[in-house]
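Structural features, examined
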Amino acid sequence: MGNVIFNGISFKPFIPAEAIGTRISQIAAAISEDYEGKCPLLVCVLNGAFAFASEVFMNLSIDAEITFVRLKSYSGTESSGDVKELLGIEEDIRGRDIIIMEDVIDTGRTIKELLDNLKLRQPTSIRTAALLYKPDVCSHQVTPDYIGFTIPPKFIIGYGLDIDGLGRNLRDIYVAEEDN
């Protein structure tokens with residue numbers, strides 16, 4: 001697990017794949033316990049959460065379904081402050097238990113807008129799961145129900161997270177060296 005460079009930025013190891021796998025197993029066990037006897041619909045926020053959502057989904061011991069929504073709020077290393085829906089949910093979620101699967105919650109704007117949108121469609125319940133949570137910069141009063149890791153406000157890549165599409169396929173999570 002050495003340093004990697006993308007777009008001229010050096011990234012150093014931050015969270016190893018083994019720790020990610022362990023935490024995902026724990027989250028899947030908690031979801032399985034919380035939804036025993038139910039069939040929740042996991043809503044994976046593409047593109048970043050696909051690895052996290054897939055691993056949680058595969059580790060569930062209950063019946064569950066998965067669907068996808070594609071939102072975009074980042075360009076390079078900065079949040080644009082504008083959330084764009086590029087692919088919406090087609091399923092009828094009225095009366096369903098929903099778990100939003102997010103890669104990282106930082107400002108909370110994306111998840112807040114998605115939560116507000118989904119509530120209008122009258123699900124029975126909505127919970128959130130995030131691989132990474134940055135409470136120091138979360139300004140929208142959103143705290144995930146299931147948290148992989150609470151981290152400081154640093155720019156990270158790997159395990160589905162990217163910089164302009166690059167770095168998603170890294171098994172470990174890396175932090176930009178300038179964010180020491």
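Scope of this entry: the structure provided in the associated data block. (Residues numbered from 1 in each chain as written. Predicted model: local features only at pLDDT ≥ 70, side-chain atom pairs only at ≥ 80, totals over all residues. Heavy atoms only, no water.)

**Concerning the overall build of the chain**
Tallying secondary structure elements over the chain gives three helices and 10 strands in all. Counting helices and strands in the order they occur from the N terminus, the chain gives β-β-α-β-α-β-β-β-α-β-β-β-β. Of all 180 residues assigned to the chain, the portion counted as buried reaches 47%. In the chain, the share of contacts with a sequence separation of at least 24, taken over all contacts with a separation of at least 6, comes to 66%. As displayed, the chain offers around 8,900 Å² of accessible surface, 45% of which is attributable to carbon and sulfur atoms. (Helix = DSSP H or I, 4+ residues; strand = E, 2+ residues; numbered from the N terminus. Buried < 20%, exposed > 50% of the residue type's maximum accessible area, 1.4 Å probe, protein only. Contact = heavy atoms within 4.5 Å. Areas by Shrake-Rupley, 256 points an atom, 1.4 Å probe, with all protein chains shown as cover.)

**Concerning the nonpolar core**
One recurring pattern in soluble globular proteins: nonpolar side chains tend to sit buried together. Counting residues in each nonpolar core, the largest one holds 32 residues, and the members touching the most others are F52, V56 and L132. For this core, the secondary structure elements donating two or more residues are α1 (17–34), β3 (41–46), α2 (50–59), β6 (97–105), β7 (125–133), β8 (146–150) and β10 (173–176). Discounting residues that sit within four places of it in the chain, V56 has contacts with I24, I27, A28, I31, L42 and M101. Of all hydrophobic cores here, the second largest spans 18 residues; its members include L71, I93, L115 and V142. (Core = buried A, V, L, I, M, F, W, Y, C linked by side-chain atoms within 4.5 Å.)

**Details of the pairing of strand β2 (residues 9–15)**
As paired strands, strand β1 (residues 4–6) and β2 are joined by three bridges and run antiparallel to one another. For F6, the partnering residue across the bridge sits in β2 and is I9. Taking the residues that link successive antiparallel strands as the turn, the β1-β2 hairpin has two residues, and the phi of N7 there is positive, at about 50°. Pairing of β2 with β10, which is carried by four bridges, proceeds in the antiparallel orientation. Across the sheet, residue P13 finds its bridge partner in β10, namely Y174. (Pairing = 2+ DSSP bridges.)

**Considering the side chain of K134**
Inspection of the secondary structure assignment puts K134 in the loop between β7 and β8. Here K134 is buried and forms no salt bridge, its nearest opposite-charge partner D106 lying at an N-O distance of 4.1 Å. Each residue touching K134, except ones within four places of it in the same chain, is listed here: V104, I105, D106, I151, P152, P153 and K154. (Lys, Arg positive; Asp, Glu negative; His and termini not counted. Salt bridge = Lys/Arg side-chain N within 4 Å of Asp/Glu carboxyl O.)

**Considerations on the packing of α1 against α2**
At their nearest, the axes of α1 and α2 sit 8 Å apart, and the two run at 55° to each other. As the angle between them shows, α1 and α2 are arranged oblique. Our pair here, α1 against α2, has a crossing hand that is right-handed. When α1 is examined against α2, the residues I24, S25, I27, A28 and I31 are found in contact with a partner set consisting of F52, E55, V56 and N59. When grouped by side-chain class, the residues that make up the contact of α1 with α2 number six nonpolar, two polar and one charged. (Axes fitted to C-alpha atoms, helices over the stretch in contact; angles between N-to-C directions. Parallel < 35°, antiparallel > 145°, perpendicular 65-115°, else oblique. Left-handed = near helix turned anticlockwise from the far one by under 90°. Nonpolar A, V, L, I, M, F, W, Y, C, P; charged D, E, K, R; others polar.)

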